[in-house]
Structure formats: C-alpha cells, structure tokens
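Listed here are the chains, written in short residue letters.
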Amino acid sequence: ETFNLSPQRFLLQYRMNKAAELLKYTQLSVNAVSSAVGYENQLHFSRAFKNVFNVSPSEYRDTYRVQSPVAQRITGV
C-alpha cells in the first residue's frame, strides 16, 4: 500500500531495477543476470525487462554500462 503497487508489481519492479544495476555495473551475462534476479527462463526475463525499460537487456547494457575506474584507466575512456 505504501508504494501504491500490488505485491506482484512491486516484486517485478524490484527485480528489474536490480537487473538494471547488474547490467550497468557488472560483466555478468544476461543469462546470469536473469538467474540472479529469480528468473529460470532467460526469454521470460528478457520480455519482462523490455516491457519495463522498452529496450532489451543487451541494448540497456550497451547504452548504460558504467566502466569501473580500473577499466577507465586502462582504456582511457
């Protein structure tokens, strides 16, 4: 009630936000991210992710990836 969301919608939002963090800040595969946020099926995860963010997990990573300071020093980016 506090968040004005059903428990199911709250859980979906929580999972997708956690997945977005993992895609941004880690090198985990999309399959590993899918498992990490509780999806057994990567296809179901990818569909849910795209419904929330309007891009696939891979497109999201390509757009929003944050390189670590070590990687930035090495690549100069």
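Data block above holds the structure.
Below, the structure is looked at part by part. (Residues numbered from 1 in each chain as written. Predicted model: local features only at pLDDT ≥ 70, side-chain atom pairs only at ≥ 80, totals over all residues. Heavy atoms only, no water.)

### Overview of the packing of helix α1 (residues 7–25) against helix α3 (residues 42–53)
Taken N-terminus to C-terminus, the directions of α1 and α3 make an angle of 95 degrees; their axes are 10 Å apart at the nearest point. With respect to α3, the element α1 is oriented roughly perpendicular. Residues L12, Q13, M16, N17, A19, A20 and L23 of α1 pack against F45, A48, F49, V52 and F53 of α3. Taken together, the residues of the contact of α1 with α3 break down into 10 nonpolar, 2 polar and no charged. (Axes fitted to C-alpha atoms, helices over the stretch in contact; angles between N-to-C directions. Helix = DSSP H or I, 4+ residues; strand = E, 2+ residues; numbered from the N terminus. Parallel < 35°, antiparallel > 145°, perpendicular 65-115°, else oblique. Contact = heavy atoms within 4.5 Å. Nonpolar A, V, L, I, M, F, W, Y, C, P; charged D, E, K, R; others polar.)

### With respect to the nonpolar core
Counting residues in each nonpolar core, the largest one holds 14 residues, and the members touching the most others are M16, Y39, F45 and F49. Mapped by element, the contributors of at least two residues to this core are α1, α2 (30–36) and α3. Per-element accounting of this core gives the leading share, 6 residues, to α1. (Core = buried A, V, L, I, M, F, W, Y, C linked by side-chain atoms within 4.5 Å. Buried < 20%, exposed > 50% of the residue type's maximum accessible area, 1.4 Å probe, protein only.)

### Quick look at α3
Its 12 residues give α3 an end-to-end C-alpha distance of 16 Å, which sits within 8% of 16 Å, the value for a rise of 1.5 Å per residue. Among all positions of α3, only F45, A48 and F49 are buried. Buried residues of α3 fall within an arc of 100 degrees about the axis and therefore sit on the same side. Turned more than 90 degrees from where α3 packs its buried face, R47 and N51 sit exposed. Against α1, α2 and α4 (57–64) lie the buried residues of α3. (Expected span 1.5 Å × (residues − 1). Arc of directions from axis to C-beta.)

### Details of the packing of aromatic side chains
The tally for this structure, following the rule as stated, stands at 6 aromatic pairs. When the centroid spacing of 5.8 Å and the interplanar angle of 50 degrees are considered together, the rings of F45 and F49 count as tilted. With F45 and F49 both in helix α3 and 4 residues apart, the pair spans about one turn of that helix. No difference in accessibility class separates F45 from F49, as the two residues are buried. Among the aromatic side chains, those forming a connected cluster through ring pairs are Y39, F45, F49, F53, Y60 and Y64. (Phe/Tyr/Trp six-rings, centres within 6.5 Å; stacked < 30°, edge-to-face > 60°.)

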